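Descriptive structure summary
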Amino acid sequence: MGAVLVHIDLDGDRPHSASVSALAAGRAVASSWGATLYAAIVTHDPEKRGTVATDVVTTLARAGADKIVVAMSDVPIAPLWGAVGTAWRGVLDHLRPRLVLFGADAPSAPELGPRTGARLAARLLLRARAVGHDEVELRDPDGGCVRIGDSGAAVALIGGRHVAPRGDDDVDVVVLETPSGESAVELVDSPAMDVVPTGGAIVALGDDVAGDPTVLREAARLASVLGATLVGGPAVASAGAVALGRVVERRAPLAPELCVLVGNASLDLAGTSSVVRLGTTGGEGVDGALRGDIGGNLARLARTLEEP
Amino acid sequence: MSVLVWLGSAPPERSIRWLDGALAAAATLARPGAKEPRVHALAAGAPTWLDLAADRATRAGVGSVGVTTDLALDYLGWGQVVAAVARMLDATTVLVDEASRPARVPEVAAIAEHLDYAQVTQVVALARDGQDVHASRAAARTTQRVRLRGPAVIGVRIAGPAIEDYPTPTPSTAMRRLALEELGVEPSVLARRALPPRANREPRRTVAEVAEHLAVHVVPRPGGGA
């Protein structure tokens, strides 16, 4: 059985939590399929020392990695294919993996995930979870699936929380020296942005729920679970439920990956990938709709999603 | 600089404002004073969708190319088609309207891989600077500002004006229509990249079903993924 490879983004001096979650999903798949699980990090290492922080190695070993691959790049690391693509290609060419996983919410995933799929001519799942016990498979919400018996390579961006049983600290570290590359994409700077209108998730509150403290509290709880930005109209802002700068007008151009509309929230959802409504009936292009008690449904959703 | 804008293989799911935004962004990259249109919009699929794409391209002041086909392909298949058109038009910059349909996001990578171009995704603003392009990219809670040199595929999420309604497009003679064979692409071979049938999209109606749908969006907790 071929290799299962997980790309690891670093968040400061630690593995990014989305990458660790993807590694846990990879552990479940690799154990089920009888495959070796590799965790790979691209590091900026112009002096070719080939070292990586002990804490990082320990975290990845305990999260289930069988082997850790450290790809040394002379290009400063940024979550762009133009920055790390050459080094990452070196890892792919070295391991020729059957399955490659990314944390869907890891910084590099949007740039590296699909390009990895294209490079391997692989099937691609954009937000998938590992499901099953004895025969683990990957599934996305649209019915896409990767199973042990499938032919060809696959790439999946792993969403949600996955937890691996704690592994031991014993792990092999393989250092790869990758070719130098002159990037056609130069990162100039990365200023902070208050609102994320064109990605991620948002929970939008309608003016009709502005006076309901239960709804406001549970909506904030759901937004926290989803890592979503809480937005609303002027009445919601007046109630103090959303921060300044999170007030959105009905025609504001938003393109989040997920939008949860609470109450009569009305937004231009033209660029939204997935829409869920609470308190109103569904409609065309809606993926989920819950009628009835808004506060109760928000609480039940948050509680369900908070469970490990 | 020759620019190709990939509008996709089906009309936008919800409105055309992001399609209009991609066309407007492409028009700003055009070579000033060029006699021939150096920006082309590209759409593929059913004739009614091609008519709409041609109409919006004409309104944006750019040329248009259409590939008529009833194939439903995965990201690699459409990447192959777009790359073939880009080669035919000598396009050195390919914009992809990422926002109108989520399935288009990975097509940026597929086109770039086929053409061996650089890529940048999730771009929210574009400006030309001589032969370079400056792009602002949404990344988590920051904006990355990047400079692109040379050929590139750029996934854009740039909105046009809000549109409540628009005139029904009529069949356009302005669009250059191509068959796959004219691009050197064999339909029977391309059909191997046909998409498998996916689950229907009936809305989830129970808390359990909606929670299952949302579960892939739950953010892992720092410090171990749990």
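Use the structure listed above.
Notes on the structure follow. No experiment lies behind these values; they were computed from the predicted model shown.

Here's the deal with the sheet that holds strand β1 (residues 4-7) of chain A
All names here are of chain A.
- The mixed open sheet is built from 9 strands, whose spatial order is β9-β8-β7-β10-β6-β1-β4-β5-β11. Edge positions in the sheet fall to β9 (145-146) and β11 (172-177), since each of these pairs with one other strand and no more.
- Direction of pairing for strand β6 (residues 99-103) relative to strand β10 (residues 154-158): parallel, over a ladder of 5 bridges. When the bridges of β10 are listed, valine 100 appears paired with valine 155.

Some thoughts on helix α1 (residues 17-28) of chain B
Residues and elements named next belong to chain B.
- Taking 1.5 Å of rise per residue, the 12 residues of α1 would be expected to cover 16 Å, and the 17 Å separating its terminal C-alpha atoms lies within 8% of that figure.
- Burial analysis of α1 places 9 of its 12 residues in the buried class, which makes it a mostly covered element.
- All of the buried residues along α1 are Arg17, Trp18, Leu19, Asp20, Gly21, Ala22, Leu23, Ala25 and Ala26.
- The elements touched by buried residues of α1 are β1 (3-8), β2 (39-45), α2 (47-60), β4 (93-97), β5 (118-129) and β8 (152-156).

A short note on helix α2 (residues 54-62) of chain A
- Buried within α2 of chain A are the following residues: Val57, Thr59, Leu60 and Ala61 of chain A.
- The secondary structure elements touched by the buried residues of α2 of chain A are β3 (14-15), α1 (17-33), β4 (37-44), β5 (67-73) and β11 of chain A.

A look at the sheet that holds strand β14 (residues 229-232) of chain A
- The 5 strands lie next to each other as β14-β13-β15-β16-β17 (chain A), forming an open sheet whose pairing is parallel. Only two strands of the sheet have a single neighbouring strand rather than two, namely β14 and β17 (288-290) of chain A. Geometrically, the sheet is characterised by an average inter-axis angle of 15 degrees between neighbouring strands, direction not taken into account.
- As paired elements, strand β16 (residues 274-278) of chain A and β17 of chain A share 3 bridges and run parallel to each other. Across the sheet, residue valine 276 of chain A finds its bridge partner in β17 of chain A, namely glycine 288 of chain A.
- Where helix α5 (residues 213-226) of chain A meets the sheet, its contacts fall on β13 (201-205), β14 and β15 (258-262) of chain A, and the angle it forms with β13 of chain A comes to roughly 175 degrees.
- Sheet strands in contact with helix α6 (residues 207-214) of chain B are β16 and β17 of chain A, and its direction is about 140 degrees off that of β17 of chain A.

Concerning the interface of chain B and chain A
- Counting residues at the interface gives 65 residues for chain B and 73 residues for chain A.
- The set of elements that each furnish at least two residues to the side of chain B that touches chain A consists of α1, α3 (75-89), α4 (105-115), β5, β6 (132-139), β7 (142-148) and α6 of chain B.
- Taken together, the residues of the side of chain B that touches chain A sort by class into 36 nonpolar, 14 polar and 15 charged.
- As paired elements, strand β12 (residues 185-189) of chain A and β7 of chain B share 4 bridges and run antiparallel to each other. Opposite aspartate 189 of chain A, over in β7 of chain B, you have arginine 145 of chain B as the bridge partner.

Calculation criteria
- Residues numbered from 1 in each chain as written.
- Chains lettered and ligands numbered in written order.
- Predicted model: local features only at pLDDT ≥ 70, side-chain atom pairs only at ≥ 80, totals over all residues.
- Pairing = 2+ DSSP bridges.
- Helix = DSSP H or I, 4+ residues; strand = E, 2+ residues; numbered from the N terminus.
- Expected span 1.5 Å × (residues − 1).
- Buried ≥ 20, exposed ≤ 12 C-beta atoms within 10 Å, placed from the backbone.
- Contact = placed C-beta atoms within 7 Å.
- Axes fitted to C-alpha atoms, helices over the stretch in contact; angles between N-to-C directions.
- Nonpolar A, V, L, I, M, F, W, Y, C, P; charged D, E, K, R; others polar.

Structural measurements only, silent on function.
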